[in-house]
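Per-entry structural report
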Amino acid sequence: MAKVTLIEALTMAMAWEMKHDNSVVVLGEDVGVNGGVFRATAGLQEQFGKDRVIDTPLAEALIVGISIGMATQGLKPIAEIQFSGFIYPAFDQITNHAGRIRTRTRGRMHVPMVVRAPSGGGIHAPEHHSESNEALFAHTPGVRVVMPSSPKRAYGLLLASIRDPDPVIFLEPTRLYRMNKQEVEDNGEALPLDTCFVLREGTDVTLVSWGAMIHETLLAAQEMEKEGVSCEVIDLATVSPIDYETILDSVEKTGRLVIIHEAPKTAGLGAEIAAEVADQALFSLEAPIVRVTGYDTPMPLFKLEHDYMPSVARVLKGIRRVLED
Amino acid sequence: MKTVAKFEIKYLQYLDPDGKPVQKTLPKFAQDVNELVEMYKKMSFVRVFDAKAIALQRTGQLGTYASCLGHEAIHVGIGLAMIPEDVFCPMYREYGAQFERGVQPHEVLLFWGGDERGNNFSGPKHDFPWAVPIATQNHHATGAAFALKYQGKKAASVSVIGDGGTSQGDFYESLNCAGAWKLPTVFVIANNKWAISVPLEIQTACETLAQKAIAGGFEGIQVDGNDIIAMRDAMEKALDKARNGGGPTLIEALTYRLSDHTTADDARRYRKEEEVQENWAKEPLIRLRKYLESLGAWDDAKEEAWKAECAARVDEEVQKYKAAGKPPVESMFDHMFANMPEDLLKQREQAIEEAKHHG
Ligand SMILES: Cc1ncc(C[n+]2csc(CCOP(=O)(O)OP(=O)(O)O)c2C)c(N)n1
Ligand SMILES: [Mg+2]
């Protein structure tokens, strides 16, 4: 079994599915000969040809719009948006069409499309290359939003997303692309969507996070362990719709909840989870729910990006706060 | 069937790649040899700066940087044709134009060095910062042109976009609007044949990008973008027309991206070295230098002396860039609103506190 990075796992998943299902096509800017600016589609055009791995004209509304056209007619497009900060021209297509076609046509048509986009900060990238905008899509009815946090989950969740009959916005944390390697079996086995993954079991505090922040969250949990505090770490993975059952079960056990995300605080997914937990499990809570998030500012250029993104220290502070009461 | 419309696209060039004039008379500014020497020196400075910026990135002292190698004639030509009252809406590599407008080289380095202060550059306060989201600047130029016209100012806006950028809806929408409203604006397409790894044939089936102006209802011309005389002349004429109520012009400037797309790119993956070498023979500096040498206005000694002067000036700028240090953490918040909301103020305090502890 090969040890691969998260980005190699994505390539493996796409190659597997293209080999086994010729309705799958890949399209986007620089995905062909260049293999994508992050190399996620490296080698795919050589293997599957220009008809199936398509360099498009430079236009995001076009990329997602034609993917919808393809998807409704029997294809399964995987569209790559070069960075999530450039997805906005496609927002119209995602909100007004991808998320609605099934409902509008009373199920007559549907959109089995995946829109992949790198997201998040921490890689010293230029302006507009480091945004965390998953909440915008989570707020869009009719689309799933998935964010993997390890090579294995990247492989299994991307396969599931391609096979899902509905649109998936698949946001890939650039900071994790090459951070760690993991053994991933290239067996075409998907992981379930719409469910959280408990990465670490614990009894004192529940930590909920997703994407790249899983890294800081796990480090913080290790750190707390030294102090005798047992943290349960939950990776949301499908950030919309949210698997509340896993979270509520955990909170009932620990009585304390910290939600960690890199995206801005206001109207972020942390607020959503906190509201639902307060609604469903208020009397299980022994302390107010704490959020550790990015600030409500534009993602700063990279000299300040680490001041913006929650650090392990900030996560620890959040955990200590929830333990106070 | 009868023909109801036809169009043609003109091509402008004064100096061929060997530095030989291809037209009987040069524009007035180009009849002054001292002026031509100045133009050469400006392009040469940009190239020295560009090489230094790449070297800084390669040694870990700068973030990803978008080189302008090969685009010097387009950029300096634009800068020289504009007046301070005009509004400039760049994409991300037009340093040669911006230096003419007062932007300081260290400010360019700040931007690519991950520091927002680079966007608050010197020069006209109404000029837009770099626009990384492709083609968005075309709309700003169109709106700015409306404002200039509305306010009765004798000025115009100028936007620059790449060949790849012409595939975006924003590009067509702004052409359409500027044409319909006869706005004082000049759209420049810096056609360097590549959009990262995507060649022009994948963007369009059109023979020229200049003809995109036809759909906007105004004139589009093609210019040798490696010929600074042609570039400046075309810009001056288009700006003059715009400032005097003649409406927009589209200028497709033909050049070639001699560098990687940015320092994060490796162009060897997708294009042939021969193609790059062929284009080195057409690049903008050599042809003007040859012409100046033929006039006895430039020689190796002058070249060497000027290069040394450029290097010294660039070094000073690099020092300024390095001396800037890290911006204060609160600067993330301080420029968001004229009146800062209460909760943001709290977050600002928190960020300052965090920075103190974990710096
Ligand atoms: C909306 C948007 N999509 C994608 C990108 C990523 N990107 C940056 S530059 C570039 C290619 C631009 O090519 P072109 O317009 O020809 O300009 P050039 O870089 O060649 O000067 C792409 C795809 C972006 N910056 N903005
Ligand atoms: Mg280009």
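This one's a predicted model, so the numbers in the text were calculated from it and none came from an experiment.

Details of the overall build of chain B
- A count of helices and strands for chain B gives 14 helices and 8 strands.
- The C-alpha atoms of chain B give a radius of gyration of 21 Å, which matches the 21 Å a tight globule of 359 residues would have.
- The C-alpha extent of chain B, read off along each of the three principal axes, is 70 × 55 × 45 Å.
- Burial analysis of chain B (359 residues in total) assigns 56% to the buried set.
- In chain B, the share of contacts with a sequence separation of at least 24, taken over all contacts with a separation of at least 6, comes to 72%.
- Counting every atom, chain B has about 15,700 Å² of accessible surface; 53% of that belongs to carbon and sulfur.

So, the overall build of chain A
- When helices and strands are counted, chain A shows 12 helices and 14 strands.
- Over its C-alpha trace chain A gives a radius of gyration of 19 Å, about what one expects of a compact globule, namely 20 Å for 325 residues.
- Based on the C-alpha atoms only, the size of chain A along its principal axes is roughly 60 × 40 × 40 Å.
- Taking all 325 residues of chain A together, the buried fraction comes to 61%.
- Considering only contacts within chain A whose residues lie at least 6 apart along the sequence, 82% involve residues at least 24 apart.
- When the accessible surface of chain A is totalled, it reaches about 12,000 Å², and 50% of it is carbon and sulfur.
- For chain A, the distance from the average site of its 30 positive side-chain charges to the average site of its 44 negative ones is 2 Å.

A few points about the sheet that holds strand 3 (residues 157–162) of chain B
All names here are of chain B.
- Here 6 strands make up an open sheet; going across it, the order is 1-7-8-4-3-2 and the pairing parallel. With partners counted over all chains shown, the strands left at the sheet margins are strand 1 (11–12) and strand 2 (87–89), one partner each.
- As judged from the 6 bridges shared by strand 7 (residues 219–224) and strand 8 (residues 249–254), these two strands associate in the parallel manner. Residue pairing across strands places Val223 opposite Ala253, the latter belonging to strand 8.

Observations concerning the confidence of the model for chain B
- Summary statistics for chain B give a mean pLDDT of 97 and a share of 99% for residues scoring 70 or more.
- Both scores are available for the predicted complex, with the pTM at 0.97 and the ipTM at 0.97.

Topic: the coordination of the magnesium ion (ligand 2)
All names here are of chain B.
- Coordination of the magnesium ion (ligand 2) by the protein involves Asp163 (OD), Asn192 (OD1) and Trp194 (O), with metal-donor separations of 2.1 to 2.2 Å.
- For the magnesium ion (ligand 2), the single-chain donor residues occur in sequence as D-x28-N-x1-W. Within this pair, whereas Asp163 is found in the loop between strand 3 and helix 6 (169–180), its partner Asn192 is found in the loop between strand 4 (185–191) and strand 5 (194–195), the two being separated by 29 residues in sequence.

A look at the site of ligand 1
- Glu60 of chain A together with Tyr92, Arg93, Val132 and Trp194 of chain B are the nearest of the 21 residues found near ligand 1.
- The local environment of ligand 1 is shared, drawing residues from chains A and B.
- A distance of 2.8 Å is found between a nitrogen atom of ligand 1 and a backbone nitrogen or oxygen belonging to Val132 of chain B.
- Across the complex, the protein chains shield 96% of the 580 Å² of accessible surface that ligand 1 would expose by itself.
- Of the residues contributing to the shell around ligand 1, the split by class is 10 nonpolar, 7 polar and 4 charged.

Side note on the interface of chain A and chain B
- In this assembly, 35 residues from chain A lie in contact with 43 residues from chain B.
- When the buried surface of chain A facing chain B is broken down by residue, Leu58, Tyr295 and Lys303 of chain A rank first, second and third, together holding 21% of it.
- On inspection of chain A and its partner chain B, the count reaches 4 salt bridges.
- Put simply, Lys317 of chain A and Glu354 of chain B hold a salt bridge, and the shortest N to O gap is 3.2 Å.
- Ranked by residue count, the leading element in the side of chain A that touches chain B is helix 12 (residues 312–324) of chain A, at 3 residues.
- Residues of the side of chain A that touches chain B, tallied by class, amount to 16 nonpolar, 8 polar and 11 charged.

Regarding the packing of aromatic side chains
All names here are of chain B.
- In total, this model carries 20 aromatic pairs over all chains according to the counting rule given.
- Consider the rings of Phe49 and Tyr95, whose centres lie 6.1 Å apart with planes at 70°: the pair is edge-to-face. Taken together, the residues Phe49 in helix 1 (residues 33–58) and Tyr95 in helix 3 (residues 95–100) connect sequence positions 46 residues apart.
- On the basis of relative accessibility, which here comes to 1%, the residue Phe49 falls in the buried class.
- Note on Phe171 and Tyr172: the rings are 5.2 Å apart at their centroids and 80° apart in plane angle, and the pair reads as edge-to-face.
- Residue Tyr172 is classed as partly exposed on the basis of its relative accessible area, which comes to 35%.
- Within the aromatic cluster, the residues linked to one another by ring pairs are Phe45, Phe49, Tyr65, Tyr95, Phe99, Phe111, Trp112, Phe121 and Trp130.

Observations regarding the domain arrangement of chain A
Residues and elements named next belong to chain A.
- According to the domain assignment, chain A consists of domain 1 (3–183) and domain 2 (197–324).
- One C-alpha centre belongs to domain 1, the other to domain 2; they are set 26 Å apart.
- On the domain 2 side, the residues contacting the 27 residues of domain 1 number 27 residues.
- Counting each side, the surface lost to burial between domain 1 and domain 2 is near 2,100 Å², with a carbon and sulfur contribution of 60%.
- Counting across the domain 1 and domain 2 interface gives 3 salt bridges.

Section: the nonpolar core
- Residues Ile273 of chain A together with Ile78, Tyr95, Met235 and Leu288 of chain B are the most contacted members of the largest nonpolar core, which totals 155 residues.
- A per-element tally of this core places helix 1 of chain B first, with 11 residues.
- When residues no more than four places from it in sequence are discounted, the contact partners of Ile273 of chain A are Val208, Trp210, Leu236, Ile242, Tyr244, Ile247, Leu257 and Ile259 of chain A.
- Within the second largest apolar cluster, 18 residues are counted, among which are Cys231, Val233, Ile260 and Val292 of chain A.

Comments concerning unusual backbone geometry
All names here are of chain A.
- With an omega of -5°, the peptide bond running from Ser240 to Pro241 counts as cis.
- With respect to the element layout, Pro241 can be found in the loop between strand 12 (238–240) and helix 9 (244–254).
- In this model, Arg106 sits at a positive phi of 55°, which is unusual for a non-glycine residue.
- If you trace the backbone, Arg106 turns up in the loop between helix 5 (101–104) and strand 5 (114–119).
- Even without being a glycine, Asp194 presents a positive backbone phi close to 60°.
- Here Asp194 shows up in the loop between strand 8 (182–183) and strand 9 (197–200).
- Judged by relative accessible area, which is 29%, Asp194 ranks as partly exposed.

So, the side chain of Asn34 of chain A
- Looking at where Asn34 of chain A falls in the secondary structure, it is placed in the loop between strand 2 (24–28) and helix 2 (44–48).
- Accessibility expressed as a relative area gives 1% for Asn34 of chain A, which makes it buried.
- Polar side-chain contacts of Asn34 of chain A include one of 3.0 Å to the side chain of Arg269 of chain B.
- Ignoring anything within four residues of it in the chain, the contact list for Asn34 of chain A reads Arg39 of chain A together with Ile196, Ser197, Arg269 and Tyr270 of chain B.

A short note on the packing of helix 1 of chain B against helix 4 (residues 105–112) of chain B
Residues and elements named next belong to chain B.
- Axis separation between helix 1 and helix 4 bottoms out at 11 Å; the angle between their running directions is 30°. Classed by the angle they form, the pair helix 1 and helix 4 counts as roughly parallel. Viewed along their axes, helix 1 and helix 4 form a crossing whose handedness is right-handed. Contacts from Phe45, Phe49, Ala53 and Leu56 of helix 1 reach helix 4 at Pro105, Val108 and Leu109.
- A breakdown of the residues in the contact of helix 1 with helix 4 according to their chemical character gives 7 nonpolar, no polar and no charged.

Rules of the game
Residues numbered from 1 in each chain as written. Chains lettered and ligands numbered in written order. Predicted model: local features only at pLDDT ≥ 70, side-chain atom pairs only at ≥ 80, totals over all residues. Heavy atoms only, no water. Helix = DSSP H or I, 4+ residues; strand = E, 2+ residues; numbered from the N terminus. Rg over C-alpha atoms; globule rule 2.2 N^0.38 Å. Buried < 20%, exposed > 50% of the residue type's maximum accessible area, 1.4 Å probe, protein only. Contact = heavy atoms within 4.5 Å. Areas by Shrake-Rupley, 256 points an atom, 1.4 Å probe, with all protein chains shown as cover. Lys, Arg positive; Asp, Glu negative; His and termini not counted. Charge placed at Lys NZ, Arg CZ, Asp CG, Glu CD. Pairing = 2+ DSSP bridges. pLDDT = per-residue confidence, 0-100. Donors = N, O, S within 2.8 Å, 3.2 Å for Na, K, Ca; no water. Near = heavy atom within 4 Å. Polar contact = N/O pair within 3.5 Å; in protein donor to acceptor, adjacent residues only side chain to side chain. Nonpolar A, V, L, I, M, F, W, Y, C, P; charged D, E, K, R; others polar. Buried area = accessible area lost by both parts, 1.4 Å probe. Salt bridge = Lys/Arg side-chain N within 4 Å of Asp/Glu carboxyl O. Phe/Tyr/Trp six-rings, centres within 6.5 Å; stacked < 30°, edge-to-face > 60°. Domains from an automatic or database assignment. Core = buried A, V, L, I, M, F, W, Y, C linked by side-chain atoms within 4.5 Å. Axes fitted to C-alpha atoms, helices over the stretch in contact; angles between N-to-C directions. Parallel < 35°, antiparallel > 145°, perpendicular 65-115°, else oblique. Left-handed = near helix turned anticlockwise from the far one by under 90°.

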